[in-house]
Amino acid sequence: MKKKLFNTINLLFRHLGFQISPLTSRQDLKSFFKNLMPVTTNHKLIRIGEDDGGYLIPDDLTEISACFSPGVSSVADFENELSKTGIKCFLADYSVEQAPINNDLFSFSKKFIGNRNDEVFITLKKWIENNIPGNRSDLILQMDIESAEYDVILETSEDTLNQFRIIVIEFHNLHNFLLDRFAFKTIDNTFKKLLQNFSIVHLHPNNYFLPVKYLGFEIPPILEITFLRKDRIKYSFPAIEFPHRLDRKNTNRNKDFVLPKCWFSMD
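Cut-off values and rules
- Residues numbered from 1 in each chain as written.
- Predicted model: local features only at pLDDT ≥ 70, side-chain atom pairs only at ≥ 80, totals over all residues.
- Heavy atoms only, no water.
- Pairing = 2+ DSSP bridges.
- Helix = DSSP H or I, 4+ residues; strand = E, 2+ residues; numbered from the N terminus.
- Axes fitted to C-alpha atoms, helices over the stretch in contact; angles between N-to-C directions.
- Buried < 20%, exposed > 50% of the residue type's maximum accessible area, 1.4 Å probe, protein only.
- Polar contact = N/O pair within 3.5 Å; in protein donor to acceptor, adjacent residues only side chain to side chain.
- Contact = heavy atoms within 4.5 Å.
- 1 Å grid on protein atoms, 1.4 Å probe; cavity = no way out; pocket = protein on both sides within 12 Å on 5 of 7 lines; lining within 4 Å.
- Points joined across faces, edges and corners; volume = space filled by probe spheres on them.
- Nonpolar A, V, L, I, M, F, W, Y, C, P; charged D, E, K, R; others polar.

**Quick word on the sheet that holds strand β11 (residues 198–205)**
Now for step 1: Spatial strand order, β6-β5-β4-β9-β10-β14-β11: seven strands in an open sheet with mixed pairing. Two strands close off the open sheet at either side, each with one partner strand: β6 (106–109) and β11. Each adjacent strand pair in this sheet contributes to an overall mean axis angle of 15°, direction not counted.
Now for step 2: As judged from the seven bridges shared by β11 and strand β14 (residues 223–229), these two strands associate in the antiparallel manner. Looking at the pairing, L203 lines up with I225 of β14.

In structure tokens, the structure reads:
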């Protein structure tokens, strides 16, 4: 009876141009967060870039051959500072005509990173092959592509992902993906794929939006997460101190907030 009523209401909303879906269960959310716990490792965290253009990454940059950074827009602080260590940076964004900073170690592609190859989009694998064919040296991925990150990670093979030693992703619309039962599978599979060979070493909520509260959980709509490939970790223990002393607010227009505890502790 409840299912029939839900389908009837959903049909009525569709005629009005809306879509409704059931919310994710508390048990599914609890399982998701349990698998997410960040760790402190033998590599201390350092900050590369300032404010909204900066991220915390492990101090493990020796023999990194290149950084791939899709979603450039008008900010390249992270890439510019990283290039000072001699690391070449490949940038991509179809929405702009060129990199925001002139830098001899920058290489720009007017493409969106996606799950296909055409005039507008290019896959992560193809983008790497076009720029460093046959090079298996360790790489960095820093990705800020406005919710397309889920499709990109799910489309990318494990072999391609494992070319990256460090991965930094700004995850968008987390509240929509985690609370919508139909969308939950997408985000759950995305993190399961990443966590097969990577550990989370840092999380930082973007303070452009306040967290959404649901069933005792707090979900920042935008969250920056840093991953380190597991073979680079000699020892680790649970990370429990947030914010990190090197964290910065993304915007001064809004009040900052601490990372909700459910993201690093299930107590």
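**A closer look at unusual backbone geometry**
Now for step 1: Following F242, the chain continues to P243 via a peptide bond in cis, the omega torsion being 0°.
Now for step 2: Following the sequence through the fold, P243 ends up in the segment after β15 (236–238).
Now for step 3: Non-glycine residue E63 carries a positive phi angle of around 65°.
Now for step 4: Checked against the element boundaries, E63 lands in the loop between β3 (55–58) and β4 (66–70).
Now for step 5: Residue classification places E63 among the exposed positions, given a relative accessible area of 67%.
Now for step 6: Even without a glycine there, the phi angle at N173 is positive, about 55°.

**Things to note about the side chain of T190**
Now for step 1: Structurally, T190 can be placed in helix α8 (residues 181–195).
Now for step 2: Among the polar contacts listed, one links the side chain of T190 to the backbone oxygen of T186, at a separation of 2.7 Å.
Now for step 3: Each residue touching T190, except ones within four places of it in the same chain, is listed here: Y150, I153, L154 and F171.

**Here's the deal with the layout of surface pockets**
Now for step 1: In this structure, the largest pocket encloses a volume near 590 Å³.
Now for step 2: G71, S73, D144, I145 and E146 are, among the 34 residues lining the largest pocket, the residues nearest its centre.
Now for step 3: Looking at the lining of the largest pocket, the elements with two or more residues in it are β4, α3 (77–83), β7 (112–113) and α5 (149–155).
Now for step 4: In terms of residue class, the lining of the largest pocket is built from 14 nonpolar, 11 polar and nine charged.
Now for step 5: The space that makes up the second largest pocket amounts to roughly 300 Å³.

Honestly, it's all geometry; don't read function into it.
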